[in-house]
There are 2 protein chains.
Amino acid sequence: MITKNQIKLIKSLRLKKNRIQSGFFIAEGEKIIDELLESKLEVVNIFSSSEKYNISDYYIPISSSQLKQISNLKTPNKVLGLFKVPKNLKIDLNSNIIALEEINDPGNLGTIIRLCDWFGIKNIICSTNSVDCYNPKVIQASMGSICRINISYMDFHKLLDSENYRTVAADLNGQNLRDFTFSDNQIIFFGSESNGLSKKLSSQIDHKITIQRFNDNVESLNLATSVGIILSEFKNQTTGK
Amino acid sequence: MITKNQIKLIKSLRLKKNRIQSGFFIAEGEKIIDELLESKLEVVNIFSSSEKYNISDYYIPISSSQLKQISNLKTPNKVLGLFKVPKNLKIDLNSNIIALEEINDPGNLGTIIRLCDWFGIKNIICSTNSVDCYNPKVIQASMGSICRINISYMDFHKLLDSENYRTVAADLNGQNLRDFTFSDNQIIFFGSESNGLSKKLSSQIDHKITIQRFNDNVESLNLATSVGIILSEFKNQTTGK
């Protein structure tokens with residue numbers, strides 16, 4: 001049975017400071033939980049109304065009304081899992097990397113994680129003022145891809161000052177994406193949803209690329225959509241597929 | 001000053017049946033309102049705490065706390081507008097069209113409207129069981145593009161039984177998008193977020209296309225992202241840009 005302390009802990013994990021302090025995060029729904037259970041992530045508890053998860057000590061049976069009490073979803077889906085946040089993963093910066101500056105929307109970050117997974121991109125770096133990738137909404141939008149992608153938070157200015165990487169950034173006034181030649185490895189930067197790239201970061205980037213616009217009345221594209229279009233072109237150029 | 005009846009009306013417009021019954025919808029935020037005011041849409045009232053909108057009879061001054069009372073946003077943004085739902089627009093089905101079967105997520109539909117606007121696609125058709133495009137969340141996610149795109153709801157089976165259109169659909173088991181040749185005009189179909197294309201509709205489609213996947217662990221791509229990647233390829237093929 002679920003204890004009062006567990007209910008209190010799980011509810012507290014909606015806030016980043018409590019995830020950091022405890023080292024735990026939560027995920028919900030059969031599809032995502034099944035993927036996370038198959039991954040290298042360390043599971044603490046699985047709270048479920050389904051006997052399907054009654055296969056290990058971590059299983060704690062729970063009624064539908066109790067699940068509703070701890071869930072972040074409008075329609076709770078049978079299972080909620082408590083996992084340990086993995087240690088900040090070492091990322092090989094000389095590989096192909098998606099870099100997100102001040103990304104704010106958890107749905108966008110989750111969608112981008114799923115996109116990177118689809119396109120075989122293993123690494124995402126976020127500026128330190130970005131939304132936390134263990135935010136429950138990020139986990140839900142990533143649809144289980146969170147366990148296959150390395151995500152690290154860092155100071156982008158320090159990073160680019162310290163070493164010479166090939167850097168590319170999505171920008172409204174760059175070279176047409178279709179005319180740009182990607183190499184196998186580079187860091188591809190994207191600015192925040194509301195403000196785009198900061199001036200300081202922009203000045204540190206080698207190449208700016210733009211998704212061709214066919215209507216000047218539209219100011220911008222959705223961030224996750226832009227990442228998808230650019231990744232699709234990158235993979236096509238470097239693999240021929 | 002805003003009246004009690006106006007408050008009641010505006011709150012009621014969160015539900016589709018009330019939008020249909022009254023023929024009104026609402027939009028919020030300076031950017032979107034400014035775009036809608038410049039469009040052909042018929043404005044009924046603008047409720048705002050900013051004198052900026054005090055330029056016509058439709059303006060009704062409102063305090064921040066009153067705005068909070070009628071707003072659908074967590075952080076209301078100065079202005080809420082009441083508009084008339086335009087008559088169902090005649091769509092030229094022999095142009096280039098995005099067709100959405102049973103799209104459920106209002107954020108996805110709004111993002112797709114914005115995407116079509118960016119890529120210069122003027123027409124969207126939705127199956128009758130799709131989310132309503134005057135849902136407040138669709139309006140917000142479309143970022144003002146709603147006023148530049150024709151959206152119509154119809155029975156797809158009847159449509160395809162009645163006449164011979166060139167039809168293409170995004171599918172997990174189709175021809176690689178990059179090997180497919182688009183023509184200037186076709187109807188490009190996308191299935192619902194959770195179930196993809198229905199079997200019946202799938203059997204009525206000429207060509208299936210697939211966005212190349214580079215990791216078999218991932219089940220699907222986000223719907224709006226798929227639309228973006230396919231539209232980008234379509235425009236590149238047909239315009240060379």
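Structural data are supplied above this passage.
Residues numbered from 1 in each chain as written. Chains lettered and ligands numbered in written order. Predicted model: local features only at pLDDT ≥ 70, side-chain atom pairs only at ≥ 80, totals over all residues. Heavy atoms only, no water.

> I keep staring at the interface of chain B and chain A and nothing clicks. Help me out?
By convention, interface size is frequently given as the accessible area that disappears when the constituent parts associate. Contacts between the two partners involve 37 residues from chain B and, on the opposite side, 37 residues from chain A. With both sides pooled, the region where chain B packs onto chain A buries about 3300 Å², and carbon together with sulfur makes up 61% of that total. For the chain B face of the interface with chain A, the top three residues by lost area are W118, R178 and F214 of chain B, together amounting to 27%. Close ionic contact of E233 of chain B with R178 of chain A constitutes a salt bridge, the shortest N to O distance being 3.4 Å. Counting every contact that joins chain B to chain A gives 14 residue pairs in polar contact (both at pLDDT 80 or more). Contributing elements (two or more residues each) for the side of chain B that touches chain A: helix 3 (30-38), helix 5 (106-118), strand 8 (167-176) and helix 9 (223-239) of chain B. For the side of chain B that touches chain A, the element with the most residues is helix 9 of chain B, which contributes 9 residues. (Contact = heavy atoms within 4.5 Å. Buried area = accessible area lost by both parts, 1.4 Å probe. Salt bridge = Lys/Arg side-chain N within 4 Å of Asp/Glu carboxyl O. Polar contact = N/O pair within 3.5 Å; in protein donor to acceptor, adjacent residues only side chain to side chain. Helix = DSSP H or I, 4+ residues; strand = E, 2+ residues; numbered from the N terminus.)

> What is the right way to read the relation of the copies chain B and chain A from this model?
Relating the two copies of this chain is a rotation about some axis coupled with a shift parallel to it. Once turned by 180 degrees and shifted 0.0 Å along the axis, chain B lies on chain A with an RMSD of 0.0 Å. Considering both components of the superposition, the chain copies are consistent with a two-fold axis. When you check the interface residues of chain B against chain A, 100% turn up at the interface there too, and the contact is symmetric in its surfaces. (Least-squares fit on C-alpha atoms with pLDDT ≥ 70 in both.)

> In this structure, what is going on with the state of the cysteines? I would like to understand it.
Here, disulfide denotes a covalent bond that connects the sulfur atoms of two cysteines. Residues and elements named next belong to chain A. In this structure the tally under the stated criterion is 0 disulfides over all chains. Between C133, a cysteine without a disulfide, and C126, which holds the nearest cysteine sulfur, the sulfur-to-sulfur distance is 6.8 Å. With no disulfide of its own, C147 lies 12 Å from the sulfur of C133, the closest cysteine sulfur. Given the relative accessible area of 22%, C147 is considered partly exposed. (Disulfide = S-S within 2.5 Å. Buried < 20%, exposed > 50% of the residue type's maximum accessible area, 1.4 Å probe, protein only.)

> I'm lost on helix 3 of chain B in this one. Help?
Since the α-helix packs 3.6 residues into each turn, any two residues three or four apart lie on the same face. All names here are of chain B. Taken residue by residue, helix 3 has I32, I33, E35 and L36 as its buried positions. All buried residues of helix 3 lie within an arc of 165 degrees about the axis, which places them on one face of the element. In this structure, the buried side of helix 3 is in contact with strand 1 (24-28), strand 2 (43-48), strand 4 (79-84) and helix 6 (136-142). (Arc of directions from axis to C-beta.)

Remember that the coordinates give geometry; whether it matters functionally is a separate question.
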